[in-house]
Amino acid sequence: MRVGVLALQGAFIEHEKILKELGCETIQVRKKEQLEEIDGLIIPGGESTTIGKLMEEFELAEGIKKRAKEGMPVFGTCAGLILIANDIFECSQPRLGLMNIVAHRNAFGRQVDSFETDLDVKGLGDQPLRAVFIRAPYIKEAGEGVDVLAMHDDKIVLARQGNIMAAAFHPELTDDTRIHSMFIDLIEESLNSQQSSAK
Amino acid sequence: MTDKGTWTLKKGLAEMLKGGVIMDVTTPEQAKIAEEAGACAVMALERVPADIRAAGGVARMADPTVVTKIVDAVTIPVMAKARIGHFVEAQILESLGVDYIDESEVLTPADEQFHINKHEFRVPFVCGARNLGEALRRIGEGAAMIRTKGEPGTGNVVEAVRHMRMVMAEIRLVQNMPEEELMTFAKSIGAPYDLVLQVKELGRLPVVNFAAGGIATPADAALMMQLGCDGIFVGSGIFKSKDPEARAKAIVAATTHYNDSKLLAEVSKGLGEAMPGLDISQIPDVERMQERGW
């Protein structure tokens, strides 16, 4: 399994470290050609305006949309969540529109309001997940087909829609690898279904 | 349990800035240009370093009105500078809601002996360093991000290169050193021992390490990235050049694609004049900003 991490700007190395720990091959994706070489893509935390502009400038946006439509799993964390949303609250910045959600940027406030907390995550059992929120967004509205996986203060912070996953927090900044494992399961599912349809 | 102002959160924001360009701005209009060009953060200032250098006198924290206007103008993180040792300027900046404080040698130091105790703040700090010892002393005081000092306001990258090479060389030295030599090494560079141990284990600084001080072209930014830094500060280099918008955009692209020489050639085309440069040997020792702090 080869997982790409979008490496235009932000915390891509941290995602790679965890993916490698979990036995995946990883590549840093900076060019559109590389999108054909991967089985799944993580869009990391960073500045969503910066990543969005670079994605358009270097023509990665169309490629990501095409691959996601074909069923390739895509996981956006923090800035990545904003970029994969269909809609961004009061904002016209570039986006991929892969998930039926409205993202709210910097929704918890500035850096002095950034926080860590324990989350109950659907499908992860009783053991809470320590989650790091840095100038974080949340999902203001989740539309049809979106499965809400975790909330904090009545706000949606983790969700899935088919092959697309989004987290408002940074699973790459803690030692708990369960969220990445969830994403790897998604990739395995998609690889298996491709194999069976090829038969 | 919910916690704020933790080390993970302070260090974490710097991780999110990696591979990006942080630009000095003095007005909300400039801040918008920087954001539009793809800056991952802006540094709110009253004057850019080149103008501070030209004006002489005492350089202080920016007027809170300027900082607040810039905070309101953009959605990306906003940093601001406090004088070395001036913890009240830092308290004021924290209360204004800035996302990172630069305890900076660009301003006139307020304390020649002691830097700010950065652990006491909820807002994270970035500090300048010329070598490993200086970087680890600042981290020991609570800095969650390090940058080279370089020589600000010169448009001359030579000092940033010197400082980055120095830090990298000392990290390699620590990595190859047997454990029993580390305490003596820590003593010789004046660094906290536990942080020297961390450097040996990690093979890098325990926090994000940016380049700053003299970066003026896309090639300068890519040079610093290839030397191993995590991202770029551009001070006077953008708004002291002929075409700030084009140059800002080109430096952002060069920082992402720092290993792609064809692309670097492409983005370096037709940017107009860079800021006028200063030869370091023409600057009297007492006017070298990098000598401020210890």
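Residues numbered from 1 in each chain as written. Chains lettered and ligands numbered in written order. Predicted model: local features only at pLDDT ≥ 70, side-chain atom pairs only at ≥ 80, totals over all residues. Heavy atoms only, no water.

Observations concerning the interface of chain B and chain A
So, point 1. The partner chain A presents 37 residues to the 42 residues of chain B that form the contact.
So, point 2. For the pair chain B and chain A, the two sides together bury roughly 3,100 Å², of which 54% comes from carbon and sulfur.
So, point 3. The interface formed by chain B and chain A contains 26 residue pairs in polar contact (both at pLDDT 80 or more).
So, point 4. For the side of chain B that touches chain A, the elements supplying multiple residues, two or more each, are strand E1 (3-4), helix H1 (7-17), helix H2 (28-37) and helix H12 (244-256) of chain B.
So, point 5. When residues in the side of chain B that touches chain A are grouped by element, the largest group, 8 residues, is from H1(B).
So, point 6. Grouping the constituent residues of the side of chain B that touches chain A by class yields 18 nonpolar, 12 polar and 12 charged.
So, point 7. In this structure, strand E7 (residues 115-119) of chain A lies alongside E1(B), joined through 2 bridges in antiparallel fashion. Paired with Phe115(A) across the two strands is Lys4(B), which belongs to E1(B). (Contact = heavy atoms within 4.5 Å. Buried area = accessible area lost by both parts, 1.4 Å probe. Polar contact = N/O pair within 3.5 Å; in protein donor to acceptor, adjacent residues only side chain to side chain. Helix = DSSP H or I, 4+ residues; strand = E, 2+ residues; numbered from the N terminus. Nonpolar A, V, L, I, M, F, W, Y, C, P; charged D, E, K, R; others polar. Pairing = 2+ DSSP bridges.)

Quick word on the environment of Leu98(A)
Residues and elements named next belong to chain A.
So, point 1. In this fold, leucine 98 is placed in the loop between strand E5 (85-88) and strand E6 (99-104).
So, point 2. For leucine 98 and isoleucine 64, which are 34 residues apart along the polypeptide, the C-alpha to C-alpha distance reads 9.3 Å.
So, point 3. Apart from residues no more than four positions distant in its own chain, leucine 98 is found in contact with Ile64, Lys65, Ala68, Val74, Ile84, Ala85, Asn86, Gln161 and Ile164.

Some thoughts on empty space enclosed by the protein
All names here are of chain B.
So, point 1. Under the criterion given, the structure shown has 3 cavities of 30 Å³ or more.
So, point 2. Volume-wise, the largest cavity comes out at about 190 Å³.
So, point 3. Along the wall of the largest cavity there are 23 residues; nearest its centre are Pro49, Pro152, Ala212, Gly213 and Gly235.
So, point 4. When residues of the lining of the largest cavity are traced back to their parent elements, those giving at least two are strand E9 (232-234) and helix H11 (236-239).
So, point 5. Residues of the lining of the largest cavity, tallied by class, amount to 9 nonpolar, 8 polar and 6 charged. (1 Å grid on protein atoms, 1.4 Å probe; cavity = no way out; pocket = protein on both sides within 12 Å on 5 of 7 lines; lining within 4 Å. Points joined across faces, edges and corners; volume = space filled by probe spheres on them.)

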